[in-house]
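Reading the structure
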Amino acid sequence: MPEEMKTLVVTGLRTQFNTAKGPVAAVRDVNLKVARGEIVGLVGESGSGKSVTGLSIMGLIDAPGEITAGAILLNGEDLRKASPKRLRELRGDRIAMIFQDPMMTLNPVLRIDTQMIEAIRVHDHKVGRQEARERCRDALGLVGIPSPEERLEAYPHEFSGGMRQRVAIAIAMLNRPDIIIADEPTTALDVTIQSQILAQMQKLCRDTGTALIWITHDLTVVAGLTDRVYVMYAGDVVEEAPVEDLLDRPIHPYTDGLIRSIPSHNAPGQPLNQIPGITPALDRMPAGCRFHPRCPRRTDACLEEIALRSFGPAREARCIHPLVEG
Amino acid sequence: MTAFLLRRLSQTVITLLVMSVLVFVGIYMVGNPIDILISASATPAERQQIITAMGLDLPVWQQYWIFLKNALAGDLGNSFVYNQPAIRLILSRMPATLELAFSAFVIALLIGIPLGLYAGLKPRAVGSRGVMVFSILGFSLPTFWIGLMMILVFSVYLGWLPASGRGQTVNVLGVPLSILTLDGLSHLVLPALNLALFKISLVIRLTRAGVIECMQMDYVRFARAKGVPEARIVLLHVLKNTLIPLITVIGLELGSLIAFAVVTETIFAWPGMGKLIIDAIGVLDRPLILAYLLMTVVMFTIINLIVDICYSLADPRVRLGEDSRS
Ligand SMILES: Nc1ncnc2c1ncn2[C@@H]1O[C@H](COP(=O)(O)OP(=O)(O)OP(=O)(O)O)[C@@H](O)[C@H]1O
Ligand SMILES: [Mg+2]
């Protein structure tokens with residue numbers, strides 16, 4: 001598929017925060033490609049820059065943060081060159097986002113119908129209130145909210161966490177966007193609700209042809225949900241692969257470490273594997289490969305900057321000591 | 001709701017009782033009004049006659065008992081000095097005080113909320129710093145001094161506005177109001193501004209703090225992700241969340257405006273209750289002092305009730321009678 005046909009193409013994205021100690025890059029060099037209707041995972045430990053990547057794509061990075069390099073093409077249009085007005089038109093219409101904490105994403109003092117109807121009417125003034133209302137009701141029904149007509153009149157505090165997240169998903173889907181960025185929307189929910197929402201989300205995206213970037217730190221979520229996965233570490237994408245390949249034959253030692261630390265991956269009674277050390281702070285990033293201080297395969301050569309390399313079709317990794325040779 | 005109102009009513013009755021006992025005992029201990037009221041040249045016989053007429057020869061508990069019986073029949077006694085029903089004296093002066101306090105209240109909101117909003121949205125702008133300096137001054141400079149300065153500048157030097165009295169009034173439903181005539185309005189401006197100054201500073205600070213807090217919330221980010229224009233985010237999503245806590249504080253401040261009006265009325269010779277009560281305290285005019293304080297309790301109760309109702313209307317999470325704040 002040619003690049004311009006992709007729903008989203010991010011190249012060389014760099015986002016930094018201007019702190020008292022000078023600028024620090026939370027996202028250093030991120031490349032992402034999402035095809036129409038594709039479901040893509042973005043995986044990494046806490047602090048690896050997943051949320052910052054998502055917010056950068058949405059154009060929602062606030063001061064002191066700033067995108068300093070790269071291009072973000074949505075259906076071929078560069079969002080970094082778009083005017084604030086154009087960005088606002090696209091947000092919520094062609095590209096939507098859902099956040100992690102369902103208790104905080106809905107405005108506590110506005111009724112659900114107010115918050116849903118505005119999402120339609122700010123993009124299309126010609127839609128009447130009644131028609132907008134009906135669309136909202138149907139959207140609530142689609143995400144599995146019982147008696148949606150009455151629930152439209154409710155306030156967020158009258159919903160459980162899981163139900164609130166469904167409402168947020170319904171809002172994101174309202175205008176049938178081309179792509180939704182979901183930033184760990186099920187992390188705060190319990191496991192049964194999580195799997196229900198995952199299945200529903202997958203079905204909705206498949207049915208409507210909406211592409212999805214699912215941000216998570218949980219590889220098991222990615223396994224069932226996504227087509228392709230990007231693994232992030234300390235602001236870099238370190239590996240990209242179709243989901244089965246990634247889980248069966250990881251290339252980057254960091255990906256390997258992540259897979260080994262999944263509890264069900266170990267024989268019962270065995271001590272859990274874990275990656276030694278912690279993610280370095282943004283202002284204390286090691287030179288070269290940012291993972292090398294924690295890597296079992298490191299050599300002096302890892303102190304040089306390492307570029308993303310191709311390891312066969314649809315596979316890339318940022319490593320000179322890969323577990324699988326390309 | 002009924003239970004809530006009944007509880008409020010009983011609380012008010014208890015407050016009124018306790019208050020009247022305290023005032024009775026307090027004035028009894030401070031001194032004998034007879035010494036102040038009767039001229040030194042009066043004969044002992046005249047003196048005795050007046051004491052008996054006022055009922056001051058009875059033991060204090062008996063005096064209180066008589067007061068209570070009359071009060072239940074709606075009679076709070078005659079002023080020692082004016083020899084008129086105390087309640088009528090208070091009521092004749094009350095419109096002036098209420099007009100002053102309400103004007104100050106409205107001014108505080110009309111000036112305080114927009115300035116606070118601006119300072120909260122652009123905390124680093126030069127204008128915002130100016131607003132904050134203004135609010136610090138409003139907080140720390142004494143009201144009476146500012147009042148005198150206002151008279152000096154606007155009445156004495158510039159000669160724009162009158163410095164004392166109510167000006168021409170119009171009767172609305174038997175209540176004289178200054179605000180409806182140009183002359184009355186020009187008399188009202190300076191005292192109302194003077195009384196409002198402290199509250200403007202308070203409203204600015206509360207609004208600013210609320211706006212800064214709300215702008216960081218996830219629901220603002222989610223509204224942006226929906227493509228909601230910034231103006232709607234600020235004026236609907238943020239302002240509503242900011243105003244709810246403001247209602248409680250501001251409502252109670254309305255009560256303190258009525259109390260603080262005493263100072264402003266004295267400076268601007270505004271013919272309200274404040275002047276009356278100051279004089280009454282000077283001559284230990286017990287019925288008048290009592291009537292004033294009891295009226296104040298009733299007024300505070302009504303204001304609190306209105307505040308609670310407004311609060312429960314504004315905040316969907318609060319239902320009257322269920323909360324423990326009453
Ligand atoms: N407003 C900010 N100011 C300064 N640093 C920030 C800011 N927002 C994020 N960061 C930094 O950027 C880095 C990446 O943060 P990000 O929120 O993207 O991590 P994440 O991968 O989403 O982690 P998590 O799984 O905990 O959500 C972190 O080190 C964080 O401290
Ligand atoms: Mg995150």
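Sequence order as written defines residue numbering, which begins from 1 separately in each chain. The naming scheme follows written order: chains are lettered A onward, ligands numbered 1 onward. Residue-level local features of this predicted model are given only where pLDDT is at least 70; pairs of side-chain atoms are given and counted only at 80 or more, and the full residue set underlies all totals for whole chains, interfaces and linings. Hydrogen atoms and water are omitted, and side-chain values are computed over all heavy atoms in the structure.

- As recorded in an unreviewed UniProt entry, chain B goes by the name Peptide/nickel transport system permease protein, listed as coming from Consotaella salsifontis.
- The UniProt entry for chain B carries this comment under Sequence similarities (unreviewed entry): "Belongs to the binding-protein-dependent transport system permease family."
- Annotation of chain B in UniProt includes, under Subcellular location (unreviewed entry), the sentence "Cell membrane". UniProt positions are given in the numbering used here, feature names are shortened, and annotations may be inferred rather than shown by experiment.

- An unreviewed UniProt entry lists chain A under the name Peptide/nickel transport system ATP-binding protein, with Consotaella salsifontis given as the organism.
- Quoted verbatim from the Subcellular location (unreviewed entry) field of UniProt, the annotation for chain A is "Cell inner membrane".
- Its UniProt record gives chain A a comment under Sequence similarities (unreviewed entry), which states: "Belongs to the ABC transporter superfamily."

**What about the site of ligand 1?**
All names here are of chain A.
- Whether a residue is near a molecule or strand depends on its heavy atoms: if one lies within 4 Å, it is near. Around ligand 1, the structure places Phe17, Ala26, Glu45, Ser46, Gly47, Ser48, Gly49, Lys50, Ser51, Val52, Glu184 and Leu282.
- Serine 46 is positioned with one of its side-chain polar atoms (N or O) 2.5 Å from an oxygen atom of ligand 1.
- Think of a polar contact as two N or O atoms within 3.5 Å of one another; within protein, one of them needs to be a possible hydrogen donor and the other a possible acceptor, and neighboring residues in sequence only count if both atoms come from side chains. Serine 48 is positioned with one of its backbone polar atoms (N or O) 3.2 Å from an oxygen atom of ligand 1.
- Burial of ligand 1 by the surrounding chains reaches 63%, relative to a free accessible area of 630 Å².
- Working definition: helices are DSSP H or I runs of at least four residues, strands are E runs of at least two. Numbering for both runs from the N terminus. With three residues, the single largest contributor to the shell around ligand 1 is helix H1 (residues 50-58).
- Tallied by class, the residues present in the shell around ligand 1 amount to four nonpolar, five polar and three charged. In this description, accessible areas are obtained by the Shrake-Rupley approach with a 1.4 Å probe, and a residue is regarded as covered only by the protein chains that are shown. All residues other than Ala, Val, Leu, Ile, Met, Phe, Trp, Tyr, Cys, Pro, Asp, Glu, Lys and Arg, Gly among them, are scored as polar; the first ten of these are nonpolar and the last four charged.

**Section: the domain arrangement of chain B**
All names here are of chain B.
- A domain assignment, automatic or from a database, supplies the domain bounds used here. Segmentation of chain B into domains returns domain 1 (1-81 + 283-326) and domain 2 (88-282).
- For domain 1 versus domain 2, the separation of C-alpha centres amounts to 29 Å.
- Listed per partner, the contact involves 20 residues of domain 1 and 23 residues of domain 2.
- A buried area of about 1,900 Å², summed over both sides, lies between domain 1 and domain 2, and 80% of it is on carbon and sulfur atoms.
- The quantity reported as buried area is the accessible area (1.4 Å probe) lost by two parts once they are put together, taken as the sum for both. Its largest share of buried area at the contact with domain 2, domain 1 owes to Leu288, Tyr292 and Met299, together 31% of the area lost on that side. Two residues qualify as a contact provided that any one of their heavy atoms is within 4.5 Å of a heavy atom in the partner residue.

**So, the interface of chain A and chain B**
- Counting residues at the interface gives 28 residues for chain A, matched by 19 residues for chain B.
- When the buried area of chain A at its contact with chain B is split by residue, Met104, Val109 and Glu118 of chain A rank highest and sum to 25% of it.
- The term salt bridge refers to a pairing of a side-chain nitrogen on Lys or Arg with a carboxyl oxygen on Asp or Glu at a separation within 4 Å. Where chain A touches chain B, the interface holds three salt bridges.
- Measuring nitrogen to oxygen at the nearest pair gives 3.8 Å for the salt bridge that ties aspartate 62 of chain A to arginine 224 of chain B.
- Scanning the region where chain A abuts chain B turns up 12 residue pairs in polar contact (both at pLDDT 80 or more).
- Looking at the side of chain A that touches chain B, the elements with two or more residues in it are H1, strand S6 (95-98), helix H3 (102-105), helix H4 (112-121) and helix H7 (161-173) of chain A.
- The dominant element in the side of chain A that touches chain B, judged by the number of residues it contributes, is H4 of chain A, at four residues.
- For the side of chain A that touches chain B, the residue count by class is 16 nonpolar, seven polar and five charged.

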